[in-house]
Amino acid sequence: MALPTLLIPVENQVRELDAKLLLGYLAARQGFPVIFGWKTAMENTMYRFPRGIYLAKSFAPQNLKMLKLIKGLGHTVVAWDEEGLIHYPPDVYWGRRITPAILPYLDHMIAWGQDYVELLETHQKPFPVPIHNLGNPRGDFLRSELHPYYHEYVRSLGDRYGQFILVNTNFPSVNSFDPELQLAKLDPTGQNMTLAKGSQGMPEGFAKGRFEYKHRLFKTFQNMVQDLSAGFPDTTILVRPHPSENFTAWLDLAKTSPNIVVKNEDNVLPWILACSVLVHNGCTTGVEGFAVGKPVLVYQPFPYEEFESDLPNELSTLCSSMEDLIKTINSVTNTATGSRRENPQVRLGKYLTAMDGPLASQRIVDVLVTLTDSAKQSKQGAILYGLSLVKSLLRHRKKRNHENKGTLRYSPAFQQQRFPELQTADLQRRIGRFREILPDSGLISVIPFGKNVFKLSSASKS
């Protein structure tokens with residue numbers, strides 16, 4: 001049975017690449033022709049691709065036009081929310097991350113876990129789009145059997161930095177590469193606030209309150225990094241900014257002390273595995289660190305529950321002052337490794353399906369196979385298809401014009417930060433590591449299909 005083309009876009013390379021490559025690898029091994037790569041390049045050239053299954057990473061209001069276009073080109077849309085593991089309260093989530101207007105353009109949805117299913121069903125039950133509770137490929141890498149994928153990298157980090165303190169930041173809502181993507185912007189005096197594109201769909205009061213809270217926390221985290229540098233002068237304080245942040249504030253800190261290092265290269269998980277302790281506030285890395293058994297601390301000097309992310313903070317040891325943070329770091333780094341207070345499968349089972357048994361990636365592929373017939377039948381009328389084709393071509397031209405005008409979020413510098421250039425050989429090396437650790441592995445060919453876009457296919461089926 002011929003399977004339809006599976007289109008897998010990747011937006012933030014350091015966060016999504018390995019997980020979606022695993023999914024693409026397993027799909028190609030099962031016979032899917034897979035188009036995999038940079039989301040911007042793929043969406044700008046949707047007119048190039050054969051009709052198939054498009055795996056959307058978000059269905060926020062700003063994605064409505066794109067998903068409508070993709071459906072008009074005859075694709076089946078299967079979606080998950082990349083931000084679905086740690087999410088806003090239900091009344092804020094509905095509006096900020098999803099809107100009823102977008103539901104007609106989704107054919108199927110994939111949930112991270114039962115918590116996410118319940119989030120959707122608080123809006124409407126039964127939910128109008130089929131929900132498959134399968135987990136997420138990013139969760140697969142939290143399982144011990146996939147840790148060998150990063151073993152060499154973890155060793156190299158240890159050789160480079162020794163025992164380091166990892167500080168993960170999470171401030172794109174107040175410190176974005178493009179201020180237009182923040183929740184709000186402050187005038188030069190720092191006194192007057194205007195809402196920005198990042199607040200789209202949020203209640204105004206929540207958006208302003210969250211901006212003020214996160215902005216204050218952002219400034220406090222900068223002071224915290226300097227205090228850690230002084231408190232642990234012989235230890236590297238390694239800061240990993242969120243991939244959508246403006247790195248300038250953190251790079252300026254690194255200029256003040258030789259033991260502050262700012263890095264955002266590759267997936268965060270090997271950095272978590274290599275660190276001696278992880279410090280964060282409201283960051284997904286708090287969940288990831290807990291899942292792999294690392295000491296995880298939340299620096300929370302002025303709690304404000306309405307604007308915080310419950311799950312990662314609840315999984316972390318609370319440090320409410322700088323004195324408390326330094327004391328706790330000394331305590332956990334002097335404690336024998338291997339101790340764990342709680343089984344992560346018990347604590348995370350509601351939030352993250354597939355922490356044991358078949359990988360989430362394999363479960364997703366198995367469901368995609370069952371959608372083959374409907375994907376083949378998802379043909380649009382000639383007029384709608386023709387209009388969508390023209391819109392896709394015009395959209396590509398419009399995006400190129402934005403680049404030429406120097407719009408920050410379309411600038412080469414921002415695109416390079418979110419998706420550094422990817423080479424065929426690099427993908428082949430990563431796939432080679434999958435073949436070493438996964439059973440029944442097959443040979444997968446990787447062929448360039450445009451800048452930072454590739455076609456994956458089973459060598460036996462090419």
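Treat the numbers as computed from the prediction; the structure is a model and nothing was measured.

**Q** Is there a simple way to explain the overall build of the chain in this structure?
**A** Scanning the chain from terminus to terminus reveals 19 helices and 16 strands. Each principal axis of the C-alpha distribution contributes one length, and for the chain these read about 65 × 55 × 45 Å. The buried share of the chain, taken over its 462 residues, is 57%. Here the analysis covers contacts within the chain between residues at least 6 apart in sequence; of these, 71% occur between residues at least 24 apart. Taken as a whole, the chain presents about 19,600 Å² of accessible surface, with 50% of it coming from carbon and sulfur. Positive and negative charge centroids in the chain, built from 52 and 44 side chains respectively, lie 9 Å apart.

**Q** What is the right way to look at the packing of aromatic side chains in this model?
**A** Centre-to-centre distance and the angle between the planes together describe a pair of aromatic rings. Enumeration over the complete set of coordinates arrives at 26 aromatic pairs. Aromatic side chains Tyr88 and Phe206 sit 6.1 Å apart centroid to centroid with 85° between the ring planes, which places their arrangement in the edge-to-face category. One end of the pair, Tyr88, is in the loop between β4 (76-79) and α4 (90-96); the other, Phe206, is in helix α8 (residues 204-231), and 118 residues separate them in sequence. Taking relative accessible area as the criterion, Phe206 reaches 8% and is therefore assigned buried. Taken together, a centroid distance of 5.5 Å and an interplanar angle of 70° make the contact between Phe141 and Tyr149 edge-to-face. By relative accessible area, which is 4% here, Phe141 ends up buried. Feature note: the residues Tyr88, Phe206, Tyr213, Phe302, Tyr304 and Phe307 constitute an aromatic cluster, connected by ring pairs. Between Arg433 and the ring centre of Tyr149, over which it is positioned, the NZ or CZ distance is 4.1 Å.

Definitions and limits used
Residues numbered from 1 in each chain as written. Predicted model: local features only at pLDDT ≥ 70, side-chain atom pairs only at ≥ 80, totals over all residues. Heavy atoms only, no water. Helix = DSSP H or I, 4+ residues; strand = E, 2+ residues; numbered from the N terminus. Buried < 20%, exposed > 50% of the residue type's maximum accessible area, 1.4 Å probe, protein only. Contact = heavy atoms within 4.5 Å. Areas by Shrake-Rupley, 256 points an atom, 1.4 Å probe, with all protein chains shown as cover. Lys, Arg positive; Asp, Glu negative; His and termini not counted. Charge placed at Lys NZ, Arg CZ, Asp CG, Glu CD. Phe/Tyr/Trp six-rings, centres within 6.5 Å; stacked < 30°, edge-to-face > 60°. Lys NZ or Arg CZ within 6 Å of the ring centre and 35° of its normal.

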